[in-house]
Protein chains: 2
Amino acid sequence: MAGTDHTKSALAAALPSGPAIILVAPQLAQNVGSVARAMANFGLAELRIVDAPGTTDDPSARAFAAGADYLLDAAVHFERLEDALADLDLVIATTARERGQAKPVDTPPEAAARLAAHVGGGGRAGVMFGRERNGLENEEVALAARVMTFPVNPAYASLNLSQAVLLVGYEWFKAATGGAAPFEMPTRSPPGSHAELVALFAHIEGELREAGFFRSPSKTASMVINLRNMIQRMEPTKQDLQTLHGVVSALVEGRPGPEGRKRTVLKPLAED
Amino acid sequence: MAGTDHTKSALAAALPSGPAIILVAPQLAQNVGSVARAMANFGLAELRIVDAPGTTDDPSARAFAAGADYLLDAAVHFERLEDALADLDLVIATTARERGQAKPVDTPPEAAARLAAHVGGGGRAGVMFGRERNGLENEEVALAARVMTFPVNPAYASLNLSQAVLLVGYEWFKAATGGAAPFEMPTRSPPGSHAELVALFAHIEGELREAGFFRSPSKTASMVINLRNMIQRMEPTKQDLQTLHGVVSALVEGRPGPEGRKRTVLKPLAED
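Think of each chain on its own: its residues are numbered from 1, step by step along the sequence as written. Here every chain gets a letter starting at A, and every ligand a number starting at 1, in the order they are written. Residues qualify for local features only when their pLDDT is at least 70, as the model is predicted, and side-chain atom pairs are given and counted only at 80 or more; totals for whole chains, interfaces and linings, by contrast, use all residues. Where side-chain values are given, they derive from all heavy atoms of the structure, hydrogens and water being excluded.

Asker: I tried to follow the interface of chain B and chain A on my own but got confused; where do I start?
Answerer: In many analyses, interface size is given as the accessible surface area lost on bringing the parts together. Whether two residues are in contact is decided by their heavy atoms, any of which lying within 4.5 Å being enough. At the interface, 89 residues of chain B touch 89 residues of chain A. Summed over both partners, the accessible area lost on bringing two parts together, with a 1.4 Å probe, is the buried area. In total, chain B and chain A occlude about 7,300 Å² of area from one another, counting both sides; carbon and sulfur atoms represent 64% of this. Any carboxyl oxygen of Asp or Glu within 4 Å of a side-chain nitrogen of Lys or Arg constitutes a salt bridge here. Seen at the junction of chain B and chain A, the total is two salt bridges. For A:Glu171, the salt bridge identified is with B:Lys174, shortest N-O distance 2.7 Å. Here a polar contact is taken to be a pair of N or O atoms separated by no more than 3.5 Å, where protein atoms must pair a possible hydrogen donor with a possible acceptor and residues adjacent in sequence count only if both atoms sit in side chains. Where chain B touches chain A, the interface holds 20 residue pairs in polar contact (both at pLDDT 80 or more). Segments assigned H or I by DSSP are reported as helices when at least four residues long, segments assigned E as strands when at least two residues long, and all are numbered from the N terminus. Within the residue set of the side of chain B that touches chain A, elements represented by two or more residues are helix H1 (9-13), helix H2 (29-41), helix H3 (59-65), helix H5 (81-85), helix H6 (108-120), helix H7 (138-141) and helix H8 (161-177) of chain B. No other element matches the 10 residues that H8(B) contributes to the side of chain B that touches chain A.

Quick look at the structure:
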């Protein structure tokens, strides 16, 4: 999806530094590239790769990183997992299956709150991800203080590696920044005054009377009430009210001849 | 990540049916395949594709679907977006950038709660995703009741298409199922009684006295208190206490000769 705003890099620089992402023996370079892209989406800067030398230089990793090459360039390679974890004081292992290990299990939001608090307090944290085919070995999980798992469809629990990283980055970003939407509904022109609203009612109802819309006098009152409520549910601004006056006038002046007005059709996508 | 449990398909069948995922003119078949996989992860069953015939049959779509081909087989193709939306009564458009349209903007959790409530009430909902390169056209966004956007790093806001679908599926699944972890820490053996705890204290402290660990009598009391607190923070079970007795005895009996005991090294990953 489009939308990167490079004028906002300053904001990004202001993001709190997040946990390190530790990939244990990733098998496909394209996944390493997708992981870098997912990390960039949520401002995660530290990629550590265990037992998979060269994956970060692989052309398919570069292609899938889609501009997040700087994370592949900055990635640090390790031969042994314990060396990749050595400087961290909170390590969480991701796993899709129960390991029978006496370790607390967090959902991604729970782990994210823990990671944000830990890193916010000056600690160093990391999240471990296992091999695409069979995840982390039990000895590897045993090196972590806690386990994180994902609420998924039990019949199809196999998350792609980069998508598991994405969910961790997404929840971490929400926990670290509050998770507000990057933009809101644009502030519109001020709401119409009650007098302006009533003027529109008068305009519409007058023209409808002209047009013989109110056939049954007994139903007229309730029809008027419905119309007025429909219009008020739109919460029309002053500008909206002007537009609606124009719409009514156009409909009145543009009344079709005997052949009738053609139905307006949405522009077909092909022309976009 | 591994972990699909096919014995749980019954559970999956019991999942509430979610919103339709509508891809507008996706450009890369591999993304369509990854979208199917992301949908399967969260039990989303209905894929609609506008203006991209053949993408679901493309070999790369099949490869990236990684077993979620059944969603590609079931996908419905449309020429025009308005036809793909015709039977829905709640349509939300995803967008990474502000469109200046007077439409309410939801974060993924807000949209997910709305979708779960709507579908739960028997309504038909769908979420629209635009082209990889530049998202949805403004006319396409205008067909939706609401807009959803993602809290992302403003300097790298470009989510991969399947990853945007993944976040929507993930939040929908959390909203629809409560988002509990699929498993918890295994129930351990019952906690040790206070008497068993004190017996371990006595064992450890006695051996440490033997070993001349408490050199400074003035510090002995505080060292003992620290040791006892460390052990209690482990919340040891009866089994754990047995293990610790064994550990202490082994350390005592295995005291090194003059050449000292070799440091035990973790099994290197290469041997895994």
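Back to the text.
Asker: What exactly am I supposed to notice about the pattern of salt bridges here?
Answerer: When the charged atoms of two side chains lie near each other, side chains of opposite charge can form a pair. Applying the stated rule across the entire model yields 32 salt bridges over all chains. For B:Arg146, the salt bridge identified is with B:Asp106, shortest N-O distance 2.8 Å. Of this pair, B:Arg146 sits in strand S7 (residues 146-148) while B:Asp106 sits in strand S5 (residues 105-106), placing them 40 residues apart in sequence. Overall, the relative accessible area of 16% leaves B:Arg146 in the buried class. For every residue, the accessible area (1.4 Å probe, protein chains only) is compared with the maximum for its type, and the residue is labelled buried under 20%, exposed over 50%, or partly exposed between those bounds. Relative accessible area serves as the criterion here: at 2%, B:Asp106 is assigned to the buried category. A salt bridge links B:Lys238 to B:Glu196, with the nearest nitrogen and oxygen atoms 2.9 Å apart. Taken together, the positions of B:Lys238 in helix H11 (residues 238-253) and B:Glu196 in helix H9 (residues 194-210) put the pair 42 residues apart, joining distant regions of the chain. What makes B:Lys238 partly exposed here is its relative accessible area of 33%. Its relative accessible area of 29% is what places B:Glu196 among the partly exposed residues. Counted as one network, the salt bridges with shared partners bring together A:Glu46, A:Arg48, A:Asp87 and A:Arg124.

Asker: I tried to follow helix H11 (residues 238-253) of chain A on my own but got confused; where do I start?
Answerer: Helical geometry: 3.6 residues make up each α-helical turn, so side chains three or four residues apart lie on a common side. Residue and element names in this part refer to chain A. Expected helix span is computed as 1.5 Å times (number of residues minus one). Its 16 residues give H11 an end-to-end C-alpha distance of 23 Å, which sits within 8% of 22 Å, the value for a rise of 1.5 Å per residue. Buried residues of H11: Leu-241, Leu-244 and Val-248, and no others. For H11, the buried positions fall inside an angular range of 60 degrees around the axis, keeping them on one side. Exposed and oriented more than 90 degrees from the buried face of H11 are Gln-239, Gln-242 and Glu-253. Of the surrounding elements, those touching the buried residues of H11 are helix H9 (194-210). An arc is given here, and it is the one of the directions from the helix axis to the C-beta atoms.

Asker: Which parts of the structure should I look at to understand the UniProt feature "domain: tRNA/rRNA methyltransferase SpoU type" (unreviewed entry) in chain A?
Answerer: UniProt positions are given in the numbering used here, feature names are shortened, and annotations may be inferred rather than shown by experiment. Following the UniProt record, the feature "domain: tRNA/rRNA methyltransferase SpoU type" (unreviewed entry) maps to residues 20-170 of chain A here. Across residues 20-170 of chain A one finds 38% helix and 18% strand; the C-alpha atoms that close the span lie 14 Å apart.

Asker: Help me understand the sheet that holds strand S4 (residues 90-94) of chain A in this model?
Answerer: Sheets are built from strands that pair by backbone hydrogen bonding, the pairs being arranged parallel or antiparallel. Residue and element names in this part refer to chain A. In short, DSSP must find at least two bridges between two strands for them to pair. The strand order across the open sheet formed by seven strands is S3-S2-S1-S6-S4-S7-S5, and the pairing between neighbours is parallel. Sheet topology places strand S3 (76-78) and strand S5 (105-106) at the edges, where each strand pairs with a single neighbour. Where S4 lies against strand S7 (residues 146-148), three bridges are found, and the strand directions are parallel. Residue pairing for S7: Ile-92 is matched across the bridge by Arg-146. Axis definition: a line fitted to C-alpha atoms, over the contacting stretch in the case of helices. Angles run 0 to 180 degrees between N-to-C directions. Contacting strand S1 (20-24) and strand S2 (47-50), helix H2 (residues 29-41) crosses the sheet at an angle of about 165 degrees to S1. Running over the sheet, helix H8 (residues 161-177) touches S1, S4, strand S6 (125-129) and S7 and is turned about 155 degrees from S6.

Asker: I tried to follow the pairing of S4(A) on my own but got confused; where do I start?
Answerer: Two faces, one strand: in a regular strand the side chains alternate between the faces of the sheet. Residues and elements named next belong to chain A. For S4, the buried fraction is high: five of the five residues fall into the buried class. Here S4 shows a buried face lined by Leu-90, Ile-92 and Thr-94 and a second buried face lined by Val-91 and Ala-93. Of the pairings in the sheet, the one linking S4 to S6 comprises four bridges and is parallel in character. Within S6, the residue paired with Val-91 across the bridge is Gly-126.

Asker: Can you walk me through the sheet that holds strand S6 (residues 125-129) of chain B in this structure?
Answerer: Residue and element names in this part refer to chain B. Sheet architecture is open: seven strands sit in the order S3-S2-S1-S6-S4-S7-S5, paired in parallel fashion. Pairing within the sheet leaves two strands with one partner each, and these edge strands are strand S3 (76-78) and S5. One ladder, built from four bridges, connects strand S1 (residues 20-24) with strand S2 (residues 47-50); its direction is parallel. Of the residues in S2, the one forming a bridge with Ile-22 is Arg-48.

Asker: Before we go on, may I ask you to explain the relation of the copies chain B and chain A in this structure?
Answerer: What relates the pair of chain copies is a rotation about an axis plus a shift along that axis. Least-squares fitting of one copy onto the other uses the C-alpha atoms of those residues that reach a pLDDT of at least 70 in both copies. You can overlay chain B on chain A at an RMSD of 0.2 Å; the transform is a turn of 179 degrees with a shift of 0.0 Å along its axis. Such a combination of rotation and displacement between the chain copies is what one expects of a two-fold axis. Across chain B, the smallest distance between a C-alpha and the rotation axis is recorded for B:Gln163, namely 3.2 Å. A shared interface surface links the copies, since 100% of the contact residues of chain B are contact residues in chain A too.

Asker: I keep staring at the pairing of S2(A) and nothing clicks. Help me out?
Answerer: Residue and element names in this part refer to chain A. The alternating pattern of S2 places Leu-47 and Ile-49 and Arg-48 and Val-50 on opposite faces, both of which are buried. Classification remark: right-handed applies to a crossover when, strands pointing away from the viewer, the course from the first strand over the helix to the second runs clockwise. Handedness of the S1-H2-S2 crossover: right-handed. Of the strand pairs in this sheet, S2 and S3 are connected by three bridges, and their pairing is parallel. Bridged to Arg-48 within S3 is Val-76.

Asker: Explain the packing of H9(B) against H11(B) to me, please; I cannot follow it from the model alone.
Answerer: Packed helices, taken two at a time, are described by their axes: the angle between them and the distance between them. All names here are of chain B. Relative orientation of the contacting elements H9 and H11 amounts to 10 degrees, with a least axis distance of 10 Å. On the basis of their axis angle, the class for H9 and H11 is roughly parallel. Mapping the contact onto sequence places Glu-196, Leu-197, Ala-199, Leu-200, His-203, Ile-204 and Glu-207 in H9 and Lys-238, Leu-241, Leu-244, His-245, Val-248, Ser-249 and Val-252 in H11. With respect to orientation, any angle under 35 degrees is reported as roughly parallel, any angle over 145 as roughly antiparallel, any angle of 65 to 115 as roughly perpendicular, and every other angle as oblique.

Asker: Explanation requested: unusual backbone geometry in the structure shown.
Answerer: Where the residue is not glycine, phi is negative for most of them; where a peptide bond is considered, it is trans in most cases. All names here are of chain A. In this model, Ala-25 sits at a positive phi of 50 degrees, which is unusual for a non-glycine residue. Tracing the sequence through the fold places Ala-25 in the loop between S1 and H2. Judged by its relative accessible area of 10%, Ala-25 is buried. For Glu-235, which is not glycine, the phi dihedral falls at a positive 45 degrees. Of the residues examined, Glu-235 reaches a relative accessible area of 58% and is grouped as exposed.

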